[in-house]
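The residues making up each chain are set out below.
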Amino acid sequence: MKAFVYAVMMADGCSWHVSLDMRADRDYWTDQAGGRFKLRVLEPALSFGQACEIKRKLKASSSSSDMLESLRIAAREIGLHPEAVADWKLWEWAGTAEGLSDEARHFVNRTIDAMCLSLKGRYLLMEEFMGLMQHEGSQAVAESPAYFIQLAWIQGRVELEAGVELDRNGGRRWSLLPQALKGKCKRCGSQGMFGGRAGNEASPVRWTHCADCGGPCAYCEACLTMGRSRYCTPIVRVIGSPDMNSEAPADEDMEIYLQSWGLSDVQAEASGSALQFLKANKSLSREKAQSPTAPRFLIWAVTGAGKTEMIFPMVQYTLAKGGRVAIATPRRDVVLELKPRLEKAFPHTKVVTLYGGSEQRWEQGELTLATTHQLMRFRQAFDLVIVDEIDAYPYHNNPMLLYAAEQVCALGGVYILLSATPPEELQRAVKRNRLPHARVAARYHRHPLPEPSLLACPPLRQMLAQNGLNGKLKGHLASSLERGAQVFVFVPKIAMVEPFVALLRESFPTVNVQGTSSKDADRSQKVTDFRATSIRMLVTTTILERGVTIPKSDVFIIDADSPVFDSAALVQMAGRAGRSAQDPRGRVYFAAKEKTRSQAHARRQIAEMNVIARKKGYID
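Keep in mind that this is a model prediction, so the values were computed, not measured.

### Quick notes on the overall build of the protein
Okay, step 1: From N to C terminus, the protein includes 20 helices and 26 strands.
Okay, step 2: In terms of overall dimensions, the protein has a C-alpha envelope of 90 × 60 × 45 Å along the principal axes.
Okay, step 3: Here the protein, with 620 residues, has 55% of them falling under the buried criterion.
Okay, step 4: A separation of at least 24 residues holds for 71% of the contacts in the protein among residues at least 6 apart in sequence.
Okay, step 5: Accessible surface, the protein: about 27,700 Å² in total, of which carbon and sulfur atoms supply 48%.

### Brief notes about the confidence of the model for the protein
Okay, step 1: Confidence in the prediction for the protein averages 88 pLDDT; 91% of positions are at 70 or higher.
Okay, step 2: Scored below 50 in pLDDT, residues 195–200 shows six contacts in the model against residues more than four places distant or in partner chains.
Okay, step 3: Low pLDDT, under 50, characterises residues 283–289; the predicted model gives this stretch eight contacts beyond four residues in sequence or across chains.

### Details of the layout of surface pockets
One simple way to see leftover space: roll a probe sized like a water molecule over the atoms.
Okay, step 1: Taken as a whole, the second largest pocket spans an internal volume of roughly 940 Å³.
Okay, step 2: Lining the second largest pocket are 37 residues; nearest its centre among them are Glu337, Gly547, Val548, Thr549 and Arg579.
Okay, step 3: Listed by contribution, the elements that provide at least two residues to the lining of the second largest pocket are α11 (307–320), α12 (332–345), β19 (409–419) and α18 (523–531).
Okay, step 4: Its residues placed into classes, the lining of the second largest pocket shows twelve nonpolar, twelve polar and 13 charged.

### Quick word on the nonpolar core
Okay, step 1: If you look at the biggest cluster of nonpolar residues, it comprises 105 residues, and the most contacted ones within it are Ile299, Met314, Ile327, Phe346, Ile416 and Ile557.
Okay, step 2: It is α11 that contributes the most residues to this core, seven residues altogether.
Okay, step 3: The contact partners of Ile299, leaving out residues within four places of it in the chain, are Ala274, Met310, Met314, Ile416, Leu417, Leu418, Ser419, Ala438 and Val440.

### A few points about the packing of aromatic side chains
Okay, step 1: As enumerated under the stated definition, the model contains 13 aromatic pairs in all.
Okay, step 2: Note on Phe378 and Phe382: the rings are 5.3 Å apart at their centroids and 50° apart in plane angle, and the pair reads as tilted. Side by side, Phe378 and Phe382 carry an identical accessibility label, which is buried.
Okay, step 3: Taking the centre distance of 5.7 Å and the plane angle of 5° together, the rings of Phe488 and Phe490 count as stacked. Just as Phe488 is buried, Phe490 falls in that class too.
Okay, step 4: Ring pairs connect the aromatic residues Trp261, Phe312 and Phe346, which therefore count as one cluster.
Okay, step 5: When the ring centre of Tyr123 is taken as reference, the NZ or CZ atom of Arg379 above it lies at 3.8 Å.

### Things to note about empty space enclosed by the protein
Okay, step 1: Tallied over the full model, the rule gives four cavities of 30 Å³ or more.
Okay, step 2: Reported here for the largest cavity is a volume of approximately 110 Å³.
Okay, step 3: Taken together, Val302, Thr303, Ala420, Arg443, Leu449, Pro450, Val571, Ala574, Gly575, Gln605, Ile606 and Met609 make up the lining of the largest cavity.
Okay, step 4: Going through the elements one at a time, α19 (567–574) and α20 (597–615) are the ones with two or more residues in the lining of the largest cavity.
Okay, step 5: Ranked by residues supplied to the lining of the largest cavity, first place goes to α20 with three residues.
Okay, step 6: When its residues are assigned to classes, the lining of the largest cavity shows eight nonpolar, three polar and one charged.

### Topic: helix α1 (residues 22–33)
Okay, step 1: The end-to-end C-alpha separation of α1 is 16 Å, in line with the 16 Å expected for twelve residues at 1.5 Å each.
Okay, step 2: Residues Met22, Ala24, Asp25, Asp27, Tyr28, Trp29, Thr30 and Ala33 constitute the buried set of α1.
Okay, step 3: The inward-facing, buried residues of α1 contact β1 (2–10), β2 (13–19), β3 (38–43), β5 (89–94) and α8 (145–154).
Okay, step 4: Looking one or two places after α1, you find Gly34, whose phi comes out positive at around 60°.

### Focus: the pattern of salt bridges
Okay, step 1: Tallied over the entire structure, the rule returns 22 salt bridges.
Okay, step 2: Between Glu92 and Arg40 there is a salt bridge; the shortest N-O distance is 3.1 Å. Placement of the pair is Glu92 in strand β5 and Arg40 in strand β3, with a sequence separation of 52 residues.
Okay, step 3: Residue classification places Glu92 among the partly exposed positions, given a relative accessible area of 42%.
Okay, step 4: With a shortest N-O distance of 3.8 Å, Glu161 and Lys186 are connected by a salt bridge. Pair noted here: Glu161 is in strand β7 (residues 158–162) and Lys186 is in the loop between β9 (182–185) and β10 (191–193), with a separation of 25 residues, a long-range link.
Okay, step 5: Linked by salt bridges that have partners in common, Asp31, Asp102 and Arg105 make up one network.

### Here we look at the pairing of strand β22 (residues 486–490)
Okay, step 1: The buried fraction of β22 is high, at five of five residues.
Okay, step 2: Because side chains alternate across β22, one face comprises the buried residues Gln486, Phe488 and Phe490, and the other comprises Val487 and Val489, equally buried.
Okay, step 3: Pairing of β22 with strand β25 (residues 553–558) involves five bridges; the strand directions are parallel. Its bridge partner lying in β25, Val489 is registered against Phe556.
Okay, step 4: By the bridge criterion, four bridges tie β22 to strand β24 (residues 537–540) in an arrangement that is parallel. Looking at the pairing, Val487 lines up with Met537 of β24.

### Here's the deal with the sheet that holds strand β16 (residues 351–354)
Okay, step 1: With parallel pairing, the seven strands of this open sheet are ordered in space as β16-β17-β15-β18-β19-β14-β20. One side of each edge strand has no neighbouring strand; the edge strands of this open sheet are β16 and β20 (437–440). Averaged over all pairs of adjacent strands, the angle between strand axes in this sheet comes to 15°, irrespective of strand direction.
Okay, step 2: The pairing of strand β15 (residues 325–329) with strand β17 (residues 367–371) spans five bridges and is parallel. Of the residues in β17, the one forming a bridge with Ile327 is Leu369.
Okay, step 3: Sheet contacts for α12: β15, β16 and β17; angle to β17, the most-contacted strand, approximately 160°.
Okay, step 4: Contacting β14 (296–301), β19 and β20, helix α14 (residues 424–431) crosses the sheet at an angle of about 100° to β14.

### With respect to the sheet that holds strand β13 (residues 234–238)
Note on sheets: strands pair through backbone hydrogen bonds, and any given pair is parallel or antiparallel.
Okay, step 1: Pairing is antiparallel across the open sheet formed by three strands, whose spatial order is β6-β13-β7. Unpaired on one side and paired on the other, β6 (123–125) and β7 mark the two borders of the sheet. Taking each pair of neighbouring strands and ignoring which way they run, the sheet shows an average axis angle of 25°.
Okay, step 2: Two strands pair when backbone bridges link them, and β6 and β13 are joined in this way by three bridges, in the antiparallel orientation. Within the sheet, the bridge partner assigned to Tyr123 lies in β13 and is Arg237.
Okay, step 3: In the packing of helix α6 (residues 126–136) onto the sheet, contacts are made with β6 and β13, and the angle to β6 comes to roughly 105°.

Analysis parameters
Residues numbered from 1 in each chain as written. Predicted model: local features only at pLDDT ≥ 70, side-chain atom pairs only at ≥ 80, totals over all residues. Heavy atoms only, no water. Helix = DSSP H or I, 4+ residues; strand = E, 2+ residues; numbered from the N terminus. Buried < 20%, exposed > 50% of the residue type's maximum accessible area, 1.4 Å probe, protein only. Contact = heavy atoms within 4.5 Å. Areas by Shrake-Rupley, 256 points an atom, 1.4 Å probe, with all protein chains shown as cover. pLDDT = per-residue confidence, 0-100. 1 Å grid on protein atoms, 1.4 Å probe; cavity = no way out; pocket = protein on both sides within 12 Å on 5 of 7 lines; lining within 4 Å. Points joined across faces, edges and corners; volume = space filled by probe spheres on them. Nonpolar A, V, L, I, M, F, W, Y, C, P; charged D, E, K, R; others polar. Core = buried A, V, L, I, M, F, W, Y, C linked by side-chain atoms within 4.5 Å. Phe/Tyr/Trp six-rings, centres within 6.5 Å; stacked < 30°, edge-to-face > 60°. Lys NZ or Arg CZ within 6 Å of the ring centre and 35° of its normal. Expected span 1.5 Å × (residues − 1). Salt bridge = Lys/Arg side-chain N within 4 Å of Asp/Glu carboxyl O. Pairing = 2+ DSSP bridges. Axes fitted to C-alpha atoms, helices over the stretch in contact; angles between N-to-C directions.

Structure below.
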C-alpha cells in the first residue's frame with residue numbers, strides 16, 4: 001500500500017506525518033488551524049512501511065530545501081539508493097479557512113465513532129478491516145476506507161503500524177540486499193533474517209516483489225493462512241481502555257460465584273483460589289494496569305478433573321463486573337464442543353465462536369470462544385483470558401501462538417492457564433513459588449488416577465512384519481474386552497494405524513476394530529460410534545489424547561518408547577481411562593521394548609498426584 005510523507009507548517013512549528021489519504025489530513029488541519037497552515041508533501045508516494053520508517057527519522061526543519069535534504073538522508077538510512085531519491089520533490093498546499101460543512105463534519109465524526117466501536121479490541125489488516133466494515137454495513141467507510149482510517153489515525157483514535165517491522169541494527173547501512181535485514185511480523189511475532197542463514201531453517205519472514213506497493217517488500221509466511229502481513233500493509237487497532245469496573249469491594253463475598261455450579265470440594269478449592277487471584281488483580285490500580293505483562297494463574301488439574309466447570313465462576317465474576325472474556329483452545333473441535341456448554345451455562349450472555357470458516361468472524365460478544373490462531377486478530381481486548389491446554393499442539397514449540405495469546409489481555413486483565421501437563425517452564429515456576437497456582441490432584445468421583453503398568457512388548461513394526469500379535473499384549477487386550485471396556489489403542493504414526501487395525505481384526509475377528517487419525521474425514525463419527533460401543537476397539541494417534549471422554553475405557557499405548565510420546569503425551573493418553581464414577585479404575589498399559597525417561601516421568605507424575613490427593617483427603 002502506498003502512503004505519503006508530509007510536513008505541516010504552522011506558526012508554532014513543524015511536524016512530520018504519514019498519510020494514506022491526503023484529503024483526510026487537509027480536512028483535519030483545516031479544522032485545527034483554519035487557513036493558518038501549509039502542507040509540504042513528498043512526491044512520489046512510498047510504501048507504507050518506508051513512509052513510517054522515514055517519518056520516525058525526520059526532525060523539524062524550516063525551509064523546503066532543508067526538508068528535502070532531510071528526507072533524502074532518512075531514505076538513504078533505510079536503504080534506498082541515492083539515485084532513487086535524486087528526483088524527489090516537495091509540493092506545497094496552502095491551507096484555506098474553508099473546511100467541511102457542519103453537516104459533513106457531523107457525518108464524518110459519527111461514522112468514525114461507529115467504526116472505532118466496531119474495531120475495539122481488534123487488530124486487523126486492511127483487507128480484514130474492509131471485511132469488518134462490510135459486515136457492519138458501513139457504506140461510507142467501504143467506499144473511502146483510507147480516508148476514514150487516516151482521519152481517525154491523525155485524530156489519535158486508532159493506531160497504524162506496518163505488518164512487518166524491519167530491524168536495521170547491525171545491517172549494512174547502504175545495502176538493498178534483503179539478507180542484510182531482519183524482519184519481525186507484528187501480528188504473530190515471527191522473525192528472522194530474510195531467506196534464512198546458511199545451515200539454519202529458512203526464515204518465516206520473506207522478501208518478494210509486491211504488486212501493492214510496486215517494490216521489494218517483506219511479508220510473513222508463518223501466519224499466511226490468516227492473510228498476508230506485509231511491510232507495506234498497515235495493521236489497524238483502536239486505542240482503548242479496559243471495560244471492567246474499578247477495584248472490587250474488599251469485603252465482597254466470592255462464595256456466591258462458586259455456589260451455583262455444583263463443584264466438588266477439590267474443584268471448588270481450585271476455583272476459589274483463582275477467584276481470589278482475580279479479585280486481587282482485577283483492573284487493580286493505575287500502577288499495576290500499566291504493567292507490560294498481565295498476571296497469570298495456573299490451574300494444574302489432572303485429566304478428567306472437570307476443568308471446564310472450574311472456569312465458570314471466573315467467567316461469571318468477570319462478566320458481572322462488565323468485563324469481556326476470551327477462552328482460547330488449541331483446536332476447532334474443542335471450540336465446537338464447548339460452545340453449547342457455555343451457552344447453557346450463560347444463557348443471557350452473547351457467546352461468539354471463532355475458528356477457520358466461522359460465520360461469527362466479525363461479531364462482538366461478552367464471551368469469545370476461539371482457536372488460538374484467531375487471537376491474532378485482537379490486541380488488549382479481554383479482561384480475562386483463559387488459555388486451555390497450554391501444553392497441547394499446536395501451542396507446543398510454537399512461539400507464534402504463544403505470542404498471539406500474550407497480546408490479547410487488556411491492561412489490568414488476567415490470564416488463567418489450564419493444563420494437566422504444564423510445560424517444564426511452568427512446572428519450574430510452580431516449584432520455585434514464582435507462579436500463583438492451584439493443583440487439582442483428584443477427579444470429581446474421589447478415586448485415584450489409574451497408574452500405568454509397563455508391558456514388555458516387541459516393536460509394532462516387528463509385529464506387523466511377522467503378522468502376529470505379541471502374546472502378552474493379546475492377553476491383556478482380551479481381558480479388557482471381556483470386562484466390557486472400550487479399548488483405546490494409541491500408536492505413534494498415522495501410517496501404522498490401518499496395518500495394526502488389520503492385525504487386530506485377525507486376532508479378534510468378532511470385535512469391531514476401527515482406526516482413525518488427523519487425516520480421517522470420518523473421525524468424529526467414529527468417536528461417536530466408539531462412545532456408543534458399536535466400535536469396541538479404536539486404533540488412533542495422539543489426535544485423541546485430549547478432549548475425548550469414554551465412560552468405561554482401557555488404554556494401550558503401543559511403542560510407548562517412541563520419541564513421539566513425550567511424558568505429557570503419555571499422561572494425557574493415560575488420562576482417557578478411569579474418568580467415570582461407574583468405572584474409575586480403568587487400566588493403562590505402556591507397551592514397549594524399552595523403558596524410557598518419558599515413561600518414568602509420566603508414571604511418577606500420575607503417582608505424585610495421587611499422593612497429593614490422598615494427603616488432602618480428596619480420595620476415598
